[in-house]
Amino acid sequence: MTPGKLVSLYEEIKAHRGLDIPYTEFLNKYSPVKGFYEKGHPEYSTVCISLWGLQYRFPEHDFSNDMIIAIEQLIKSDNELDEYRKKQHNQIFKSRNNISLLIRKTESSKRHIMQTAFSLLECYLNGLAWSYFKKNSAELSKRKVDTLQDKSNVTLRDKIRKYPYIIFNEHID
């Protein structure tokens, strides 16, 4: 990074008390970040500079963290329910509101885990499509471009079936 670009970066951070910018834009505007790829960050990450320092955000990471939280909530609620499962009905009758809440938390966590799993899968596929498109867009047909750019409301099922064929030339049955 040149001194001039560093000053420009400082001014932008100062003006907004932080910075959130796509990595590709950061790369063009300021400089590459040392060790970015080695740490496994995808090129479609967002560079975040704040009082917490330099961080990177990308959808797979966010959904992975959501999954961890949902699983922890499920385990916690289910463990609390286990305490009630060990007791007789007459011992827990007065706790039915709390038991009902724990059951709702358990069921909600299960739904959240399922929704997050689908979102995580879709993010992963979208990341593959984005990376492949960026490197190969000139060689692709309009139909493949539209599919990879999700211009025609491509369903998750279509992404699972079509992206591997477009990217790896392999059919998924």
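You'll find the structure just up there.
Residues numbered from 1 in each chain as written. Predicted model: local features only at pLDDT ≥ 70, side-chain atom pairs only at ≥ 80, totals over all residues. Heavy atoms only, no water.

A. The environment of Ile71, seen in detail. Mapped onto the elements of the fold, Ile71 is located in helix α3 (residues 59-85). On the accessibility criterion, Ile71 (35% relative accessible area) is partly exposed. Ile71 sits 38 residues away from Ser109 along the chain, and the two C-alpha atoms are 6.9 Å apart. (Helix = DSSP H or I, 4+ residues; strand = E, 2+ residues; numbered from the N terminus. Buried < 20%, exposed > 50% of the residue type's maximum accessible area, 1.4 Å probe, protein only.)

B. Local environment of α3. Over its 27 residues, α3 extends 38 Å from the first C-alpha to the last, a length consistent with the 39 Å expected when each residue adds 1.5 Å. Buried within α3 are the following residues: Glu60, Met67, Ala70, Leu74, Ser77, Leu81 and Tyr84. (Expected span 1.5 Å × (residues − 1).)

C. Here's a closer look at the packing of α3 against helix α5 (residues 96-136). Across the interface, α3 lies against α5 with an axial gap of 8 Å and an inter-helix angle of 160 degrees. Taken together, α3 and α5 sit at an angle that is classed as roughly antiparallel. In this structure, the crossing between α3 and α5 has a hand that is left-handed. Classifying every residue of the contact of α3 with α5 gives 16 nonpolar, ten polar and six charged. (Axes fitted to C-alpha atoms, helices over the stretch in contact; angles between N-to-C directions. Parallel < 35°, antiparallel > 145°, perpendicular 65-115°, else oblique. Left-handed = near helix turned anticlockwise from the far one by under 90°. Nonpolar A, V, L, I, M, F, W, Y, C, P; charged D, E, K, R; others polar.)

D. How the structure looks around the packing of aromatic side chains. Evaluated as defined, the whole model comprises six aromatic pairs. Relative to Phe36, the ring of Tyr23 has its centre 3.7 Å away and its plane inclined at 5 degrees; by these criteria the two rings are stacked. Taken as a pair, Tyr23 in helix α2 (residues 23-29) and Phe36 in the loop between α2 and β2 (46-50) lie far apart in primary sequence, 13 residues in all. We classify Tyr23 as buried; its relative accessible area is 1%. Their ring planes at 80 degrees and their centres at 5.1 Å tell us that Phe36 and Tyr56 sit as a pair that is edge-to-face. Linking Phe36 in the loop between α2 and β2 with Tyr56 in strand β3 (residues 53-57), this pair joins segments that are 20 residues apart in sequence. Comparing Phe36 with Tyr56, the two get one shared label, buried. In textbook terms, an aromatic cluster arises when at least three aromatic residues are bridged by ring pairs, as seen for Tyr23, Phe36, Tyr37 and Tyr56. Positioned over the ring face of Phe93 is Arg96, at 4.5 Å from the centre of the ring. (Phe/Tyr/Trp six-rings, centres within 6.5 Å; stacked < 30°, edge-to-face > 60°. Lys NZ or Arg CZ within 6 Å of the ring centre and 35° of its normal.)

E. Main features of the pattern of salt bridges. Within the structure shown, the criterion is met by ten salt bridges. One salt bridge connects Glu12 with Lys29, and the closest N-O pair in it is separated by 3.0 Å. Of this pair, Glu12 sits in helix α1 (residues 3-16) while Lys29 sits in helix α2, and the two are 17 residues apart along the sequence. On the basis of relative accessibility, which here comes to 37%, the residue Lys29 falls in the partly exposed class. Note that Arg85 and Asp82 form a salt bridge whose closest N and O atoms lie 2.5 Å from each other. (Salt bridge = Lys/Arg side-chain N within 4 Å of Asp/Glu carboxyl O.)

F. Quick peek at the environment of Ser100. Summarising the element assignment, Ser100 is placed in helix α5. Once the C-alpha coordinates of Ser100 and Leu81 are considered, the two residues, 19 residues apart in sequence, prove to be 9.6 Å apart. Within the structure, the side chain of Ser100 is placed 2.9 Å from the side chain of Arg104, a separation counted as a polar contact. (Polar contact = N/O pair within 3.5 Å; in protein donor to acceptor, adjacent residues only side chain to side chain.)

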